[in-house]
Amino acid sequence: AKFRDAQAELEASQREARGYSTEVFRYKAQIDEISDVVESLRRENKNLNEEIHDITEQLSEGGRNSHELDKARRRLEKEKEELQSALEEAEAALEQEEAKVMRFQLELSSVRSEIEKRVAEKEEEFENTRRNHARTIESMQ
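What you see is a predicted model; the values in this text were computed from it and never measured.

Please give an account of the overall build of the protein chain that cites residues and values.
A count of helices and strands for the protein chain gives one helix and zero strands. Its C-alpha atoms give the protein chain a radius of gyration of 59 Å, more than 25% over the compact-globule value 14 Å for 141 residues. Dimensions along the principal axes, computed over C-alpha positions, put the protein chain at roughly 200 × 25 × 10 Å. Scored against the burial criterion, the 141 residues of the protein chain give a buried share of 0%.

Laid out in C-alpha cells, this is it:
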C-alpha cells in the first residue's frame, strides 16, 4: 500500500513536473518572443532617434538658411533702393543737361541768324559801295 501510494505520488509528481516543464517551455518561448519584440522596438527606437536627430539638424540648418536668405534679401533690397535713387539722380541730371543743350542750340541758332543777317548787311553795304565807286569812276572818265 505504501508502495502504491508512493507510486501514485511519483506519477502525480511526474505529471506535475511535465506540466511545469511544459509551462517552463511555454514561458521560455514567450520570453524569446518578447525578447525579439524588445530588440525590434530598440532598433526602431534607435532609427527613430536618428531620424529625429537628422530632422532636427535639417530644421536648424533650414533656420540658418532662412536667416541667411532673409539677410541677403534685405541687402539686395537696400542695393535696389540705392540703385533706384542713383538712377533717379542720373535721370534728373540728364534732363538738366538736355535742357542746357536745348538752350545752347537755341542760342547758337539765334547767333547764327544774327551773323547771317550782319553778313548779308555787310555784303549789301559792300555791293552798294562798289556800285557807288564804279559810278564815281565812270563819271570821272
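Before we move on, could you go through the pattern of salt bridges and cite the residues and values that matter?
Inspection of every chain in the model, using the stated rule, returns nine salt bridges. The residue Glu127 makes a salt bridge to Arg131 at a minimum N-O spacing of 3.9 Å. One end of the pair is Glu127 and the other is Arg131, both in helix α1 (residues 2–140) and four residues apart, which spans about a single turn. Residue classification places Arg131 among the partly exposed residues on the basis of a relative accessible area of 39%. The network of salt bridges with shared partners includes Asp70, Arg73, Arg74 and Glu77.

Go over a negative patch on the surface with me, naming the residues and quoting the values.
A cluster of acidic side chains, namely Glu50, Glu51, Asp54, Glu57 and Glu61, defines a negative patch on the protein surface. By the secondary structure assignment, Glu57 is in helix α1. Among the residues examined, Glu57 registers a relative accessible area of 44% and is labelled partly exposed.

Calculation notes
- Residues numbered from 1 in each chain as written.
- Predicted model: local features only at pLDDT ≥ 70, side-chain atom pairs only at ≥ 80, totals over all residues.
- Heavy atoms only, no water.
- Helix = DSSP H or I, 4+ residues; strand = E, 2+ residues; numbered from the N terminus.
- Rg over C-alpha atoms; globule rule 2.2 N^0.38 Å.
- Buried < 20%, exposed > 50% of the residue type's maximum accessible area, 1.4 Å probe, protein only.
- Salt bridge = Lys/Arg side-chain N within 4 Å of Asp/Glu carboxyl O.
- Patch = residues over 30% accessible without salt bridge, like charges linked within 9 Å, V, L, I, M, F, W, Y side chains within 5 Å.
- Areas by Shrake-Rupley, 256 points an atom, 1.4 Å probe, with all protein chains shown as cover.
- Lys, Arg positive; Asp, Glu negative; His and termini not counted.
- Charge placed at Lys NZ, Arg CZ, Asp CG, Glu CD.

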